[in-house]
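Structure assessment
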Amino acid sequence: MTGERLPAGLLVFERGWLSSNNILFRGTESSAIVDSGYATHAEQTVDLVEVALQGRSLDTLLNTHLHSDHCGGNSALQAVYPGLQTLIPPGQAHLVSPWDPSALTYVPTGQLCPQYQFTGVITPGCEIELADKLWQIHAAPGHDPDSVILFEPQSRTLISADALWESGFGVVFPELEGSNAFDEVAATFDLIENLAPRTVIPGHGPVFGYRPQVLASARQRLNAFVNNPSRHAHHAAKVLLKFKLLEQQKLLFVDFLEWARRTSYFQQIREAFFASIPFEDWVAQLTAELERSAVARRDGDLILNA
Ligand SMILES: [Zn+2]
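Residues numbered from 1 in each chain as written. Predicted model: local features only at pLDDT ≥ 70, side-chain atom pairs only at ≥ 80, totals over all residues. Heavy atoms only, no water.

Considering the nonpolar core
Basically, it comes down to this: Each nonpolar core is a collection of buried residues, namely Ala, Val, Leu, Ile, Met, Phe, Trp, Tyr and Cys, held together in the definition by side-chain atoms within 4.5 Å. Between buried and exposed lies partly exposed: a residue is buried under 20% and exposed over 50% of the maximum accessible area for its type, with that area taken using a 1.4 Å probe on protein chains only. Working definition: helices are DSSP H or I runs of at least four residues, strands are E runs of at least two. Numbering for both runs from the N terminus. Domain boundaries shown here were taken from an automatic or database domain assignment. We call two residues contacting when some pair of their heavy atoms lies within 4.5 Å.
Ranked by size, the top nonpolar core spans 26 residues in total, and within it L176, L241, F256, F266, I269 and W282 carry the most contacts. Secondary-structure elements contributing two or more residues to this core are α5 (173-176), α8 (229-248), α9 (253-262), α10 (264-273) and α11 (279-292). Counting residues per element, this core draws most heavily on α8, which supplies six residues. Three or more residues apiece are contributed to this core by two domains, here domain 1 (10-226) and domain 2 (235-305). Setting aside residues up to four positions removed in sequence, I269 forms contacts with L176, A233, A237, L240, F274 and W282. Grouped together as the second largest cluster of nonpolar side chains are 22 residues, F182, F208, L215 and F225 included.

Things to note about the sheet that holds strand β1 (residues 10-13)
The criterion, for reference: Note: two strands are recorded as paired if DSSP finds a minimum of 2 bridges between them.
The strand order β1-β2-β3-β4-β5-β6 describes an open sheet built from six strands, whose pairing is mixed. Of all the strands in the sheet, the pair left with one neighbour each is β1 and β6 (120-121). Inspection of the sheet shows β1 paired to strand β2 (residues 22-26) by four bridges, in the antiparallel sense. Looking across to β2, one finds that L10 is bridged to F25.

Concerning the sheet that holds strand β11 (residues 199-202)
Strands sit in the order β7-β8-β9-β10-β11-β12 across an open sheet of six strands; the sheet is mixed. Edge strands, defined here as strands with exactly one partner in the open sheet, are β7 (127-130) and β12 (208-209). Where β11 and β12 come together, two bridges link them in antiparallel fashion. Of the residues in β12, the one forming a bridge with T199 is G209.

Thoughts on the environment of E271
Relative to the assigned elements, E271 resides in helix α10. In this structure, the C-alpha to C-alpha distance between E271 and L240, residues 31 residues apart in sequence, is 16 Å.

Structural notes on the layout of surface pockets
Condition: Lining residues are defined by having an atom within 4 Å of a point belonging to a cavity or pocket. Those points lie on a 1 Å grid over the protein atoms alone, cavities being sets where a 1.4 Å probe fits but cannot get out and pockets being open sets with protein on both sides within 12 Å along at least five of seven lines. Grid points are joined across faces, edges and corners, and a volume is the space filled by probe spheres set on the points. Gly is placed with the polar residues, together with every amino acid not listed as nonpolar (Ala, Val, Leu, Ile, Met, Phe, Trp, Tyr, Cys and Pro) or charged (Asp, Glu, Lys and Arg).
Here the largest pocket defines a volume of roughly 740 Å³. In this structure, the largest pocket is lined by 30 residues; those nearest its centre are W17, W165, H235, V239 and K242. Listed by contribution, the elements that provide at least two residues to the lining of the largest pocket are α2 (68-71), α7 (212-227) and α8. Among the elements that make up the lining of the largest pocket, the one with the highest residue count is α8 (seven residues). Looking at the lining of the largest pocket residue by residue, the class counts come to 12 nonpolar, 13 polar and five charged. Mapping the lining of the largest pocket onto the domain boundaries places at least three of its residues in each of domain 1 (10-226) and domain 2 (235-305). The calculated volume of the second largest pocket comes to roughly 190 Å³. If you go around the second largest pocket, you meet 14 residues; those closest to its centre are Q92, A103, T105, E177 and Y265. Residue composition of the lining of the second largest pocket, by class: six nonpolar, six polar and two charged.

This is the structure in structure tokens:
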């Protein structure tokens, strides 16, 4: 929930960082939700939706992109609302049916995402009615090549997914896979600047009032990554480790290491950027940095989320 002014009928469930925020639309005729959070929070997502809808059904589910923290509640919502229309960006629809958890990144990131169905796509350049207002769908590649963001021009409200947060933006995953995508991140920033939003509902963190400083800092951060891509890779590896800690809360350090060893993104990042450091030393070094930033804690054989 938020102090920022939001269009009527729109409700934001601000979640932790493991789950994306969920945006619920209650219109006169129909209801919809944007993004469904992470799998381990799916029950809570369903509860939040049920309470807010007060007996009404949920008609439409939209995903800004198909990362596990944005789609992990899809399956649970589909089970509770059998008539639910599920709309996804078109770029990866062929990976959802037939289900390809590797290409959808759930396997290489070592993350969970129960299988879900989709019934249609949200095509960039089109509009969709949500809570009685028309929302523009814009392509927003960078963090994910097929991500979309949504914009409502009357209230100038932007649903920015992981393209822009109040402080920063999501890991640029294609860069970890050897594709150039920093330019796409920059182009998406330009798009957002041209839309001139008043209020931004990000994929993670609080709703915020837009001011130029937000994009200025994001561009500065992006430039640091462009000038030194290994800095981005290092950051990404820490994000993936922290995500696992958020999911598990605590586990044996040997199991944590073993999970990282089996998770192909870590192998890929190390080989591309840090090949001179042995795998175990590299993960230990990243973990020590997480500890120093007070977002992880070691206790005997255990590693804990902090
Ligand atoms: Zn994402």
